[in-house]
Structures are given as C-alpha cells and as structure tokens.
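Structural characterization, general
Listed below, chain by chain, are the residues.
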Amino acid sequence: MKSHSLKYLRIVFAVLFITALSLVFVDFSGRAALWLAWTAKIQLVPALLAVNVTAIVILAALTLVFGRVYCSVICPLGVSQDIVAWLRNRFSKKQKRKLGLYKYEKPRTMWRYIFLGLFAVLAVLGLLAVLPMSIAGIMDPYSAYGRIAGQAFVPAWRSAMGSLAEAQASHGNYLFDKVPAATVNFNMAVAIVAAITFVVVAIFAFRTGRGYCNTVCPVGTILGFLSRFSLLRPEIDTDKCNRCGSCGRHCKAKCIDTKNHKIDYSRCVVCMDCLNNCSQGAISYTLARRKAAPAAEEKTVDAGRRNFMVGTALATAAVASAKVTDGGFAPIKKKQPHKGIEPSVPAGAVSLRHFRSHCTACQLCVSECPNEVLRPSTSLDGFMQPVMVFTDGFCRPECNRCGTVCPTGAITPVSVAQKSTIKTGTAKVDASICISAAFGQTCGNCVRHCPAGAIKMIKQDDGNMRPVVDESYCIGCGSCEYHCPSGTAGQLSAKHAAIYVSGLDTHQTV
C-alpha cells in the first residue's frame, strides 16, 4: 500500500471505531451493546482494571508492531482531539494551512512522569478503597470521553428519538417500545467534570495538537514507552530529504526534529500526516532501522529514564492486580430517594468495596440501563460512580445489561438465572407513611409487585394491615419502592416511598 493511503486508512478505522463506541452509549435498545461492547473493553485502563489479559496483550502487540495506533484509532478522546485539530486546520488561512500549524518541541518529560505518577498513586489508592477509583478515572481518556458522551450525546440522542417516536406514533407507527427521558441520567456534578475535561482537552488540541496526549494523558505515556521499540515506524530518508521542514510543521505531536532528522517515537501517534506532506517522499512508514549504540554518557541518561518509565509502568500495571400506573391499582408519581441509607450497586458488583475500587465512572452502564435505575452518585466516597435509585424504575430480574457492558470489572457479568439469586439490598418499611399501616387504606402494591415474594401483609393490633419483609427472600430489586404510592394517595403528602431499599456492603446469595 502506498504511504499516502495509510493516512486515509487510519482515518477510516478511527471514524468507524469512535462511531461504534458512541453507539454503545447512545443506543438505549441494547442492540449495539450486543455486538460492540468490546470497543469499551479494549480500552487500556479498563482492561488493566478488569485484568483483561487478552485486551492487554492485543494492545501491547499493536503498539510494539505499529507504534501508538491506539491513540489515533482506538482511543475516543484521541480521535476527538484529531477532530478539533482538523477543524482548526480547516478554518485557518489557506497560506498558513499549507505551510503548517506546528513546530517541533522538546518532550516535556518531567510533566509526563508527574502526571503518570499522580495517576498511578490515585489508582493504587482506588484499589485500596482509600479513594473511589473514579478519581483516577478523571485522568483516564476513555472514561473522560464516556462522561462527555453520557452527559451530552445521550440526552441529545434520546431527545431526538423521543420526538421522532412521538411524531410517528401520531400516525400509528410505533418505532420504539419506550424512549427514556432525555435528562433522566443527567447529573450536574458529572456534567461539570465532563465539561471541564472537554474544554481542557479541546484547548490543548486547538493550540498544541496532541499536547494533551503527550503531556497529561497517562495512557499516552505508558504506550509511549512501548512505541519507542515498535517494529514499524515513520523513517526519514536523509538522502531524499531537502530539509524543507514541512513534515515537522504538519506534525500534531510536534515530535519531528527536522534539523537533526529525528523522530521522537514515544510521542508519535502514527497519524501519517508527515507522509502526506512530504513532497520529496523522504518519509515512509517502514521497518525500524538499527542504529549505532549511543555513547556511554547517553546510555546512562537513557537507562535512568528507562528505569523510571518501567517502574512507573509496572506500578500502573499493578492497577490490573406521561401518567404512569402500577397496572391499574394506583397512580405512581415521582418520589425522592431516601437519604442516609446504604447505597445499592448492581448484581455482579460483588461488594461496595470492589465496585468503588474498580469503577472509573465512564457512565456506560448508566447510559445502557433500560430501567432508569442507575444514577451517578454525588457523595465523596463514590463520586460519579453509579448507584441504584428506585424512584423512576426498578432493577428487573431479567435484565443484566450493566454487567455485560462494564469494561473495568466493577460489575462482573452474571446470567439472568444467577441474578435472581443475588441479594444486593434489603427492603425496609416506614410504617408512619404507609397508607395501609398508618391510615388503614387498602393497598398492598409492594406485595403485588415483589418478584421474589418476600413481602406479606400482616394485621396490626389496631386492625390495619402492614407490609412485612422476609429478608431471607428479598433481593433488593427496588420494585416495592418504585411501585409504592405513598404521598400520592389518601391523606399523605410524603415525598418518599413507605418502603425502600437499603444496600448491602457485600452481596449475598439467597
């Protein structure tokens, strides 16, 4: 294949990959996730956290053979930066665009090590449950893109699909069984973090090309170490080069030293722009050439840097270790969740500690949840990580989508049969606001809607019927809380359900 075609081949793969990953976030039907969830699981940080050996080996092999193609094809935040850089180039003056917008800069090695070290420390603290892993996830490029997609693309897509569904329904055509509310998963704290991330990354991309990848991003630094030894790489033929400098001025990574005919392969993201902008054909993507051994003094410096990189990479690799009714019995209106109760996390999360030490808050499970149960937390001990809230739905026993899409191992996959035996929480009754126990009205919604048969109505001394939960059967699905009409019927004005779920620190088997 001719060198100038490689750039367009890379662009095609990058567009296909970011489109596929974005579809997993926005498609509320779950069909995209069946075929494309692997696009999230092959991201480097999630693969390390999930100890996904296959993905880690594939990414390492790709980097050692082709260089940092991960950053220009697989990483959604990297591809997004290329889009911003392209827009800058597209709207620049023609003369400046032809000349090139960049120039070679020496690597900011110290800053790269500082940010990588910071990420490694945060990740280790996350694994030890000292901090939620979502804090380290702020620096993970995949999770950063996930938050941007979850807070921007998902609401926009659902709004558009909802309008389309309503328009078609008026003509008797029903495209979707249900379109989730556009803003049901919107969370101000997550939106602020996503917005800040987007602005920072966009400014970096607009002003410095791939400066964010080669200064801040820990994934870029880790892969940069491997890419120095890649089998294939851009090489400069000094016999053909006329030192025009065009390749360096068009290099988004600013890694081509045209004066000395050197390319910093630890920063090169294999975008292939240099190949297309060399009028002499002096740059080609080819097998790495063997170079003479450096002087003794240079060896010492390189060894120090190499040892630091290896040590930090190993430390990071240690991270691996309309009106709704209940079916005709009572109207259901939006209630507020109870405060001060233990949070509930989905079946497959194993325990609250395991979940918080692995979840990077990418928001993929939140976007995928068809029951509108998973919501980002604003508590400091689980910042941005999803928890189950049963005000707009309940965790249906037949649904296991969150576990099938989670790329970090925070929610491990469980079958539908397994899920029905996993206890994630226990229902509690507040008799003071129960319309049956407190006011003697006929209800029993919680009994009728409990899929585990864990609730019974027992007569009290005053003659009123009160719901009683058999904790040995309750699995914490939240159906009772969602269907409780407390505050919407009779004499009550309560803002909360009379029956609610308190999560378990460690999940149990019933």
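This report concerns the structure included in the present document. This structure is a prediction, so every number in the text was calculated from the model and none was measured. (Residues numbered from 1 in each chain as written. Predicted model: local features only at pLDDT ≥ 70, side-chain atom pairs only at ≥ 80, totals over all residues. Heavy atoms only, no water.)

1. Side note on helix α12 (residues 188-208)
In plain terms, the rule: Strands here mean DSSP runs of E at least two residues long; helices mean DSSP runs of H or I at least four residues long; both are numbered from the N terminus. To estimate how far a helix should extend, the number of its residues minus one is multiplied by 1.5 Å. Relative accessibility under 20% of the residue-type maximum defines a buried residue, over 50% an exposed one, and the middle range a partly exposed one, all with a 1.4 Å probe and only protein chains included. Each C-beta atom gives one direction from the helix axis, and the arc is the one those directions make. Residues adjacent in sequence count toward polar contacts only when both atoms are side-chain atoms; beyond that, a polar contact is any pair of N or O atoms within 3.5 Å, and within protein one must be able to donate a hydrogen and the other to accept it.
Over its 21 residues, α12 extends 29 Å from the first C-alpha to the last, a length consistent with the 30 Å expected when each residue adds 1.5 Å. All of the buried residues in α12 are Val190, Ala191, Val193, Ala194, Thr197, Val201, Ala202 and Ala205. The buried residues of α12 all sit within an arc of 160 degrees when viewed along its axis, so they share a single face. Seen from the open side of α12, the exposed residues pointing more than 90 degrees away from its buried face are Met188, Ile196 and Arg207. A side-chain oxygen of the first residue of α12 lies 3.0 Å from the backbone nitrogen of Ala189; this N-cap is Asn187. Following α12 by one or two positions, Gly209 adopts a phi angle in the positive range, close to 70 degrees.

2. Observations concerning helix α9 (residues 109-127)
Since the α-helix turns once every 3.6 residues, residues separated by three or four places project in the same direction. Helix length check: α9, at 19 residues, gives a terminal C-alpha distance of 27 Å against a target of 27 Å (1.5 Å per residue), a fit within 8%. Among all positions of α9, only Thr109, Arg112, Tyr113, Leu116, Phe119, Ala120, Leu122, Ala123, Gly126 and Leu127 are buried. Once α9 finishes, Ala129 follows within two positions and takes phi at roughly 65 degrees, a positive value.

3. Quick notes on the environment of Gln43
Under the convention used in this document: Should any heavy atoms of two residues lie within 4.5 Å, those residues are counted as being in contact.
Looking at the element boundaries, Gln43 is found in the loop between α3 (38-41) and α4 (44-49). It is 8.5 Å that separates the C-alpha atoms of Gln43 and Leu59, two residues lying 16 residues apart in sequence. The residues touching Gln43, leaving out its near neighbours within four places in the chain, are Phe17, Leu21, Leu59, Tyr70, Ile74, Cys75, Pro76 and Tyr142. Of note is the side chain of Gln43, whose polar atom sits 3.0 Å from the side chain of Tyr70.

4. Observations regarding the pattern of salt bridges
Basically, it comes down to this: Here a salt bridge means any side-chain nitrogen of Lys or Arg lying within 4 Å of a carboxyl oxygen belonging to Asp or Glu.
Enumeration over the complete set of coordinates arrives at twelve salt bridges. Here Glu105 makes a salt bridge to Arg108, at a shortest N to O gap of 3.1 Å. Among the residues examined, Glu105 registers a relative accessible area of 23% and is labelled partly exposed. Of the charged contacts, one joins Lys254 and Glu105 as a salt bridge, the two residues approaching to 3.3 Å between their closest N and O atoms. With Lys254 in the loop between α14 (246-249) and β2 (256-257) and Glu105 in the loop between α8 (94-99) and α9, the pair connects residues that are 149 residues apart, well separated along the chain. Relative accessible area serves as the criterion here: at 10%, Lys254 is assigned to the buried category. Taken together, the salt bridges that share partners define one network made up of Lys7, Arg10, Asp82, Arg210, Lys252 and Asp273.

5. Some points on the packing of helix α7 (residues 76-90) against α12
Quick note on the threshold: For helices, the fitted line uses only the C-alpha atoms of the stretch in contact; every axis is such a line through C-alpha atoms, and the angle between N-to-C directions lies from 0 to 180 degrees. Working definition: roughly parallel below 35 degrees, roughly antiparallel above 145 degrees, roughly perpendicular at 65 to 115 degrees, and oblique for all remaining angles. Each crossing gets its handedness from the near helix: less than a right angle anticlockwise from the far helix is left-handed, clockwise is right-handed.
Between α7 and α12, whose axes approach to 8 Å, the crossing angle comes to 50 degrees. The angle between α7 and α12 falls in the class oblique. Judged by the sense of rotation from one axis to the other, the crossing of α7 with α12 is right-handed. In this structure, α7 contributes Leu77, Gln81, Val84, Ala85 and Arg88 to the contact, and α12 contributes Val201, Ala202, Ala205, Phe206 and Arg207.

Keep in mind these values describe shape, not function.
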